[in-house]
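Listed here are the chains, written in short residue letters.
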Amino acid sequence: MSKPTYYITTPIYYPSDKLHIGHTYCSVATDAMARYKRMRGFDVMFLTGTDEHGMKIEEKAKDAGVSPQEFVDNIVIGANGIVDLWKLMNISNDRFIRTTDDYHVAAIQRIFKALYEKGAIYKGTYKGLYCTPCESFWTETQLVDGKCPDCGREVHYAEEEAYFFKLSAYGERLTELLETGWLEPRTRVNEMINNFIKPGLEDLCVSRTTFTWGVPVDFDPGHVVYVWVDALFNYMTALGFENDRYDDMRFWPADVHFVGKEIVRFHSIIWPAMLMALDLPLPKKVFGHGWLVIDGKKMSKSIGNVVDPTKLAPRYGTDALRYFLLREFPFGQDGDFTNELLITRINSDLANDLGNLVSRTVAMVDKYFGGTLPVERESGEFDADIIGIASALPGVYEGHMEKFGFQNALVEIFKLTSRANKYIDETAPWTLAKDEGKRARLATVLYNLLEAVRIAAVLLTPFMPESVEKIFAQIGAGELVTWESAQEFGALTPDATVRKGDTLFPRIDIAKELEELGKI
Ligand code: MSP
């Protein structure tokens, strides 16, 4: 039987600048989910990419004195560009789409024409307030203090002959859709309904004539397709929709689109409405995650508060950074990033708790039994508790992961590692080791610890793929690194053999490190 499919996407990033920790956060979360689903046996398609058209990119390229294509090539595939960043962060995307890819451009032209021929798009004149950096037209009522509600910058009056998508026709169907729980978290639904749908949806301007860096409308020269129409359909063109480059439409509809909260509007109103217009199946879910902020403010080049993942990942390890991002902040809400939080979290959870547990356990098997446990067993006090927690963990974890509750899933795993550390103190293996008659009891204690480590490590695989490999090698887990084997406490062979390894997560001197970080 073929595996069930699972299709998950990140937004496609604007290559107008280097990406920062906020973008990284979204890709890491998507990656964790993709890896989790692969572990669960799904045939996963994980898509990410770049959204390369639009006036902003055209202007940036002009300022840099290069063509728009050269400009985006440099940021996307150039040294230390976006593709390199995802390699650094160990992002396991199956595909990477660039909206300048030929197949995508041709597909967008066909899609635009299909919408026009169906009568979902018509020609008219646009008069309105435009925010250049956000490439968005706004109505007077949507402005905040007279400025763009997304970025807070000035808007200007603009008028142009343009094509419009009949968005106004979809208010009722969209409300119905949003009320089904299709968009998560729930708070975002209220925002969409109250701020956009209830005041009345207006038809959406979907072409531009004021610049050329976009997909040309092939039946009306001078018009280029609105960048959001071009961008949203990436989720389908990357599978082969309206093109021959790929043949993977079996993945459609997507299981979930992960998107930041400011682009929920595009994904939960414009996107489903366009799909409805073409009678295409809708994605099964949209999840709007929060922002990483600094002192409550969104990261931006102009404020100068951008955190660079390429400085942090090599310094603390990619896995440590990945772990921190998903453990520290609840995925649906904003989180305030500080270096201090990052270092404190690495020290407390990874160095002191997990790292310590692994190194103590392996060191004791090595010291007391020369690296291989004898097979005799003797159970005792405290065993039932740790075995109970470890055995229940996969189910609890699954419940959180299925709801994108990464933080809660990690909290549960670390309850097991803390319990295991406490079990060491309770059972005091160093005392048992002094008594020849307690060898079976000592072996049992160490075996239980190895099993707790193994189960925790399997469940950590989506979050810290490289570190768990090292843990598996140290505890001699062999093939027992699968989801199925994590369900069974006691799957590890009784005569388990360990191999000492390097310290997984070195402890960091906070004060010294904060000072160092301040300098770079
Ligand atoms: N190109 C559009 C998306 C098109 S999808 C069809 C876009 N690009 S973006 O580069 O500006 O943002 C990409 C994603 O990064 C968005 O989901 C956005 O929310 C996310 N983030 C950018 N800064 C962020 C933080 N500081 N924190 C969390 N996510 C952030 O929008």
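Model, not experiment: these values are computed from the prediction.

Colleague: Explain the overall build of the protein here, please?
Modeller: For the protein, the helix and strand inventory stands at 20 helices and 15 strands. The C-alpha radius of gyration of the protein comes to 26 Å, within 12% of the 24 Å expected for a compact globule of 520 residues. Along the three orthogonal principal directions, the C-alpha set of the protein runs to about 90 × 55 × 40 Å. For the protein, with 520 residues in total, the buried portion stands at 57%. Put simply, of all contacts in the protein between residues at least 6 apart along the chain, 78% involve residues at least 24 apart. Total accessible area on the protein stands at roughly 21400 Å², and carbon and sulfur atoms take up 50% of it. Within the protein, the 74 negative side-chain charges are centred at a point lying 3 Å from the centre of the 57 positive side-chain charges.

Colleague: Is there a simple way to think about the side chain of D319 in this case?
Modeller: With respect to the secondary-structure elements, D319 resides in helix α12 (residues 318-328). Not counting residues up to four positions away in its chain, the partners in contact with D319 are F463, M464, P465, E466 and S467.

Colleague: Help me understand the side chain of D383, please; the structure alone is not making it clear to me.
Modeller: By the element assignment, D383 lies in helix α14 (residues 383-402). According to the relative accessible area criterion, D383 is buried, its value standing at 5%. Looking at D383, its side chain comes within polar contact range of the side chain of R441, at 2.9 Å. Leaving out residues up to four positions away in the same chain, D383 has contacts with Y423, R441, T444 and N448.

Colleague: How should the layout of surface pockets be read in this particular structure?
Modeller: Left-over empty space is what a probe sized like a water molecule reveals as it rolls over the atoms. Of the pockets and cavities examined, the largest pocket occupies roughly 1400 Å³. For the lining of the largest pocket, the secondary-structure elements that each account for two or more residues are β1 (5-13), α1 (21-39), α2 (55-64), α8 (227-232), α9 (234-237), β11 (256-260) and α10 (264-277). The element that contributes the greatest number of residues to the lining of the largest pocket is α1, accounting for four residues. The residue inventory of the lining of the largest pocket, partitioned by class, reads 22 nonpolar, twelve polar and twelve charged. Around the second largest pocket sit 32 residues that line it, and W138, Q142, N195, F196 and R265 are the ones nearest its centre.

Colleague: Just to check I follow, could you spell out the packing of aromatic side chains for this structure?
Modeller: Each pair of aromatic rings is reported with the distance of its centres and the angle of its planes. According to the stated counting rule, one finds 33 aromatic pairs in the structure shown. Among the aromatic residues, ring-to-ring pairing joins Y25, F258, F287, F324, F329, F331, F337, F404, F406 and F463 into one connected group. In this structure, R265 is placed above the aromatic ring of F266, and the distance from its NZ or CZ to the ring centre is 4.5 Å. Across the ring face of W291, the terminal group of K298 is positioned such that the distance to the ring centre comes to 4.4 Å.

Colleague: For this particular structure, what's the right way to read the packing of helix α13 (residues 339-369) against helix α20 (residues 510-519)?
Modeller: Relative placement of two packed helices is described by the angle separating their axes and the distance separating the axes. As a packed pair, α13 and α20 sit with axes 10 Å apart at the nearest point and diverge in direction by 140°. It follows that α13 is oblique to α20 by the angle criterion. You can see that α13 and α20 cross each other, and the crossing is right-handed. Judged by residue contacts, N339, E340, I343, T344 and N347 of α13 engage I510, E513, L514 and L517 from α20. Its residues assigned to classes, the contact of α13 with α20 shows four nonpolar, three polar and two charged.

Colleague: Help me out: how do you make sense of the state of the cysteines in this one?
Modeller: Note on terminology: disulfide describes a covalent bond linking the sulfur atoms of two cysteines. Per the counting criterion, the structure on display carries zero disulfides. Here C148 is not cross-linked by a disulfide; its sulfur's nearest cysteine counterpart is in C131, at 3.6 Å.

Colleague: Looking at this structure, how should I read the site of the ligand?
Modeller: Residues in contact with the ligand amount to 23 residues; listed here are only the nearest, I12, D51, G260, E262 and L292. The backbone of G22 places a nitrogen or oxygen atom 3.3 Å from a nitrogen atom of the ligand. Contact distances for the ligand include 2.8 Å between an oxygen atom and a side-chain N or O atom of E262. Protein coverage of the free-state accessible area of the ligand, which is 660 Å², stands at 96%. Using a 2 Å cut-off from the grid points, one finds that the ligand occupies the largest pocket. Of all the secondary structure elements, the ones that give two or more residues to the shell around the ligand are β1, α1, α8, α9 and β11.

Colleague: Would you mind going over α13 with me for this structure?
Modeller: Helical geometry note: an α-helix holds 3.6 residues per turn, so side chains three or four residues apart project in the same direction. Between its first and last C-alpha, α13 extends 41 Å over 31 residues, near the 45 Å set by a 1.5 Å rise per residue. A bend of about 40° at N356 is the largest found in α13. Count one or two residues on from α13 and you reach G370, which has phi positive near 60°.

About the cut-offs
- Residues numbered from 1 in each chain as written.
- Predicted model: local features only at pLDDT ≥ 70, side-chain atom pairs only at ≥ 80, totals over all residues.
- Heavy atoms only, no water.
- Helix = DSSP H or I, 4+ residues; strand = E, 2+ residues; numbered from the N terminus.
- Rg over C-alpha atoms; globule rule 2.2 N^0.38 Å.
- Buried < 20%, exposed > 50% of the residue type's maximum accessible area, 1.4 Å probe, protein only.
- Contact = heavy atoms within 4.5 Å.
- Areas by Shrake-Rupley, 256 points an atom, 1.4 Å probe, with all protein chains shown as cover.
- Lys, Arg positive; Asp, Glu negative; His and termini not counted.
- Charge placed at Lys NZ, Arg CZ, Asp CG, Glu CD.
- Polar contact = N/O pair within 3.5 Å; in protein donor to acceptor, adjacent residues only side chain to side chain.
- 1 Å grid on protein atoms, 1.4 Å probe; cavity = no way out; pocket = protein on both sides within 12 Å on 5 of 7 lines; lining within 4 Å.
- Points joined across faces, edges and corners; volume = space filled by probe spheres on them.
- Nonpolar A, V, L, I, M, F, W, Y, C, P; charged D, E, K, R; others polar.
- Phe/Tyr/Trp six-rings, centres within 6.5 Å; stacked < 30°, edge-to-face > 60°.
- Lys NZ or Arg CZ within 6 Å of the ring centre and 35° of its normal.
- Axes fitted to C-alpha atoms, helices over the stretch in contact; angles between N-to-C directions.
- Parallel < 35°, antiparallel > 145°, perpendicular 65-115°, else oblique.
- Left-handed = near helix turned anticlockwise from the far one by under 90°.
- Disulfide = S-S within 2.5 Å.
- Near = heavy atom within 4 Å.
- Sits in = over half its atoms within 2 Å of the grid points.
- Expected span 1.5 Å × (residues − 1).
- Bend = angle between axes of the 7 residues up to and from the residue.

Spatial relationships are all this shows, so hold off on functional conclusions.
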